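Observations on chain architecture
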Amino acid sequence: MLQPRDTPSRERRELGGLWSFRADLSPGRDAGFAQRWYRRPLRQTGPVIDMPVPASFNDITQDPSLENYIGWVWYEKEVLLPVRWLQGDPAPRLVLRFGSAHYYSIVWVNGVQVVEHEGGHLPFEADISSVVQGSPSTLCRITVALNNTLSPHTLPPGSIQYMSDKSRYPKNYFVQNIKFDFFNYAGIHRPVVLYTTPAAYIDDITVTTTSSDGVAAVQYQVSVVGSTANSLSLSLRDQEGKVVATADGSVGELKVLNPNLWWPYLMHENPGYLYSLEVKMQAQVGGVLLEDVYTLPVGIRTVHVTSTQFLINGRPFYFHGVNKHEDADIRGKGLDWPLIAKDFNLLRWLGANSFRTSHYPYAEEIMDLCDAYGIVVIDESPGVGIKLPESFGNKSLQHHLAVMEELVRRDKNRPSVVMWSVANEPASELPPAAHYFKTVIAHTKALDPSRPVTFVTDANYALDRGAPYVDVICVNSYFSWYHDPGHLEVIPLQLTAQFENWYKTYQKPIIQSEYGADSVPGLHSDPPVMFSEEYQQAMLREYHSVFDKKRKEYVIGELIWNFADFMTNQGTTRVLGNKKGIFTRQRQPKAAAFVLRDRYWKIANESSCLPPVITSHSLFLK
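Residues numbered from 1 in each chain as written. Predicted model: local features only at pLDDT ≥ 70, side-chain atom pairs only at ≥ 80, totals over all residues. Heavy atoms only, no water.

Heads up, the rule is: UniProt positions are given in the numbering used here, feature names are shortened, and annotations may be inferred rather than shown by experiment.
Taking an unreviewed UniProt entry as the reference, the protein chain is identified by name as Beta-glucuronidase belonging to Hirundo rustica rustica. The UniProt entry for the protein chain carries the following text under Catalytic activity (unreviewed entry): "a beta-D-glucuronoside + H2O = D-glucuronate + an alcohol".

Here you go:
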């Protein structure tokens, strides 16, 4: 699935702004209505309100029942289509695309169902040409039924629990149980776009790259839909617009002499170098010559994993980065350009060269900037909270495989994506986890043989049944927080033993994929106590001292949990969300941010790939 772009042969229009919105907020409604596997949405119910798109619906109104709402909601918008989109012989193809909607979606156009999609965080689309081009009007009514209910077989999983004690709960009272620690925001979270292509069009492009001895090879495969009588020409241009290689045909290779490689941020003076691959198609349809043009950014880089190192372009790469969330005040998980720009400025201020898309794929707009800025990404599926035995069954497995197909299809051409993560903290010690993760990882490797695959574990090294199948061990631990809370002195012994046990067992490089402590901004204590800014600083320093010893051996990265505070479900251990961020939810630094900044810049300047004059104050936006 190609990302919509404006080209000489294509147009796109984003359908943002306010949509009409309905939800059934009536007291005592049956949970069966919330669950799509019990009942289909038969009608729109509830008062109509205005709802911004993209945004989560939870925090927009003053109604607390909408904040924690589980079930069907309805979005609707009418748009006028340009006449040129409806006419022609042959007429252009018109596609309706959703960047993501949480979690189960059914879409109608002018009352005709056009697409149904399960899962959030990834795009889906429908060709609506036949619906709108046969209409006597240029008015197009788009209706979306959206259900955020999670079952044991969704990703992430969840369950509906009925509270049947009528002496304690109202009639039909139910709750959504989840096994992950972030708020289950819902809504149309990413842009809704209408875009056109010619009747015969470039459907997909797959690119892989290699480089050796001053020569790079860009292998490509292009698929065309709508005509078998077509021709393809390809041109690869550098950032100055100079054509550096050309080719013809649907499958082939472009040779580039003395290529500018795609390097991570802080690993090269010119990180994130992107070429432009222009693909032109000409095809005969009904005696008419059609042309389609699509331009794909291409970064030339290689990835290789040894028993002790992670190599990018043949050089050792050390992940010094963060875990994040798509999370902000009011808009929840909705795409937010000012926040995205702020986050990338903070990442580079911090000296972070990488992040994991914990715990779901992030917006394409974020991934575009990672490609352009040289921020390395561990691209994670929504496989978080896989804890129950029934979530390892065949129904769950088949859905997980389908989700990985969607994720790889979306992000396969991104140079910033160096590794796939299929899950976070599953119950990988359970017996069915062996077959489950062997299958998911093998399937992901078959989809994309060019990248390593992992999942993130918090299981005991001796019991983990999925670890034998990963290329890199990613382990989460919270010594002196969830384990031995308040006892910083245990970290050196326990963290060292963690690394040594994992490496002795598997002989694979290790990333500390999560570590951290909650801190309440402005809460101070000396000596440090839990939840103070000083305790968060002290914990980081204890971890760092062990990292510095083990990164000389086989530890290849450290990702702090978390970049910024984020919202969670209410609970006795969560005061307005998770406070493990080194920045507040409003992106103000805590004391720990300066500890991490000093460390990351020190690590960056140890690299021989960087000129010694580069400091944290001498790098600016590209």
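We are not done yet, so read on.
**Structural notes on the overall build of the protein chain**
The condition that has to hold: Helix and strand assignments follow DSSP, with helices taken as H or I runs no shorter than four residues and strands as E runs no shorter than two, numbered in order from the N terminus. To get the radius of gyration, use the C-alpha atoms; to get the globule rule, take the number of residues to the power 0.38 and multiply by 2.2 Å. Only protein chains enter the accessibility calculation, which uses a 1.4 Å probe; a residue whose area is less than 20% of its type maximum is buried, one above 50% is exposed, and one in between is partly exposed. Two residues form a contact once any of their heavy atoms are found within 4.5 Å. Exposure was quantified through the Shrake-Rupley algorithm and a 1.4 Å probe, taking into account, for residues, occlusion by the shown protein chains and nothing else. The positive count covers Lys and Arg only, the negative count covers Asp and Glu only, and His and the chain ends enter neither. Note that the charge is assigned to NZ on lysines, CZ on arginines, CG on aspartates and CD on glutamates.
Assigned secondary structure in the protein chain consists of 10 helices and 32 strands. Against the 2.2 N^0.38 benchmark of 25 Å for 622 residues, the protein chain shows a C-alpha radius of gyration of 25 Å, consistent with a compact globule. Each of the three principal axes of the protein chain carries a C-alpha extent, and together these read 75 × 75 × 45 Å. Burial statistics for the protein chain: of 622 residues in total, 58% are counted as buried. In the protein chain, 73% of the contacts between residues at least 6 apart in sequence involve partners at least 24 apart. Just so you have it, the protein chain exposes about 24,500 Å², and 52% of that area is on carbon and sulfur atoms. Separation between the mean location of the 59 positive side-chain charges and that of the 65 negative ones in the protein chain comes to 1 Å.

**Points about the sheet that holds strand β25 (residues 319-323)**
The line we're drawing: By the convention used here, strands pair only if DSSP detects at least 2 bridges between them. Here the axes come from fitting lines to C-alpha atoms, over the contacting stretch only for helices, and the angles between their N-to-C directions go from 0 to 180 degrees.
The strand order around the closed barrel built from eight strands is β25-β26-β27-β28-β29-β30-β31-β32, with neighbouring strands paired in parallel fashion. Put simply, the sheet's adjacent strands are angled 25° from each other on average, direction ignored. As defined by bridge partners, strand β31 (residues 510-514) adjoins strand β32 (residues 555-560) across three bridges and the pair is classed as parallel. If you follow Ile511 over to β32, its bridge partner there is Gly557. Strands β28 (417-424) and β29 (453-457) of the sheet are contacted by helix α7 (residues 433-447), whose axis makes an angle of about 155° with β28.

**Overview of the packing of helix α6 (residues 394-411) against α7**
Formally: For classification, angles of less than 35 degrees are called roughly parallel, those exceeding 145 degrees roughly antiparallel, those between 65 and 115 degrees roughly perpendicular, and all remaining angles oblique. Rotating anticlockwise by less than a right angle from the far helix to the near helix defines a left-handed crossing, while the corresponding clockwise rotation defines a right-handed one. Throughout this entry, Asp, Glu, Lys and Arg are counted as charged residues, while Ala, Val, Leu, Ile, Met, Phe, Trp, Tyr, Cys and Pro are counted as nonpolar. The remaining residues, Gly among them, count as polar.
α7 packs onto α6 with a crossing angle of 25° between their chain directions and a minimal axis gap of 10 Å. Judged by the inter-axis angle, α6 sits roughly parallel to α7. Considering how the two elements wind past one another, α6 and α7 form a crossing that is right-handed. Of the residues in α7, those touching α6 at Ser396, Leu397, His400, Leu401, Met404, Glu405 and Val408 are His435, Tyr436, Thr439, Val440, His443, Thr444 and Leu447. Each residue belonging to the contact of α6 with α7 can be placed in one class, and the counts come to seven nonpolar, six polar and one charged.

**Side note on the UniProt feature "domain: Glycoside hydrolase family 2 catalytic" (unreviewed entry) in the protein chain**
Mapped onto this numbering, the UniProt entry annotates "domain: Glycoside hydrolase family 2 catalytic" (unreviewed entry) at residues 303-604. As a span, residues 303-604 carries 35% helix and 16% strand, and end to end its C-alpha atoms are 19 Å apart.

**Overview of the domain arrangement of the protein chain**
Put simply, the rule is: Where each domain begins and ends is defined by an automated method or by a domain database. Buried area is understood as the total, over both parts, of accessible area removed when two parts are fitted together, assessed with a 1.4 Å probe. By convention in these notes, a salt bridge is any Lys or Arg side-chain nitrogen within 4 Å of a carboxyl oxygen on Asp or Glu. Contacts described as polar in this section are N or O atom pairs within 3.5 Å, which, within protein, must combine one atom able to donate a hydrogen with one able to accept it, while residues neighboring in sequence count only if both atoms come from side chains.
You can read the domains of the protein chain as domain 1 (11-148 + 184-197), domain 2 (201-298) and domain 3 (303-607). Placing a centre on the C-alpha atoms of domain 1 and another on those of domain 2 gives a separation of 34 Å. Domain 1 puts four residues into the contact, and the matching count from domain 2 is four residues. When domain 1 packs against domain 2, close to 320 Å² is buried across both sides, 72% of that on carbon and sulfur atoms. When the buried surface of domain 1 facing domain 2 is broken down by residue, Pro90, Arg93 and Thr197 rank first, second and third, together holding 89% of it. The interface formed by domain 1 and domain 2 holds zero salt bridges in total. Applying the counting rule to domain 1 against domain 2 returns one residue pair in polar contact (both at pLDDT 80 or more).

**With respect to the pairing of β32**
Cut-off, in case you're wondering: For a crossover, the right-handed case is the one in which the path from the first strand over the helix to the second runs clockwise, viewed with the strands pointing away from the viewer.
Burial of β32 is extensive: six of the six residues sit out of reach of the surface. Judged from the four bridges that link them, β25 and β32 form a sheet pairing that is parallel. Bridge pairing links Val322 to Ile560 in β32. For the crossover that starts at β31, traverses helix α9 (residues 533-550) and ends in the parallel β32, the hand is right-handed.

**So, the sheet that holds strand β8 (residues 112-118)**
Reading across the sheet, the six strands line up as β3-β2-β4-β10-β7-β8 and stay open at both edges, with antiparallel pairing between neighbours. With one partner strand each, in any of the chains shown, β3 (49-53) and β8 form the two edges of the open sheet. Looking at each pair of strands side by side, their axes are set apart by 25° on average, direction ignored. When strand β2 (residues 17-23) meets β3, the two strands line up antiparallel, connected through five bridges. Residue pairing across strands places Gly17 opposite Val53, the latter belonging to β3.

**Remarks on the pattern of salt bridges**
Counting across every chain of the model gives 32 salt bridges. The residue Lys280 makes a salt bridge to Glu278 at a minimum N-O spacing of 4.0 Å. In this structure, Asp336 engages Arg331 in a salt bridge whose closest nitrogen and oxygen atoms are separated by 2.5 Å. A relative accessible area of 30% places Arg331 in the partly exposed class. Overlapping salt bridges, with partners in common, bring together Asp368, Asp371, Arg410, Asp411 and Arg414 in one network.

**Observations concerning unusual backbone geometry**
Following His102, the chain continues to Tyr103 via a peptide bond in cis, the omega torsion being -5°. Relative to the elements of secondary structure, Tyr103 occurs in the loop between β6 (101-102) and β7 (104-109). The phi dihedral of Asn172 is positive, around 60°, even though this residue is not glycine. By secondary structure assignment, the location of Asn172 is in the loop between β11 (158-162) and β12 (174-178). A relative accessible area of 29% means that Asn172 is categorised as partly exposed. Backbone geometry places Phe531, a non-glycine residue, at a positive phi of 80°. With respect to the secondary-structure elements, Phe531 resides in the loop between β31 and α9. Accessibility expressed as a relative area gives 34% for Phe531, which makes it partly exposed.

**Notes on the side chain of Thr154**
Mapped onto the secondary structure, Thr154 falls in the loop between β10 (139-147) and β11. Among the polar contacts listed, one links the side chain of Thr154 to the backbone oxygen of Ser151, at a separation of 3.0 Å.

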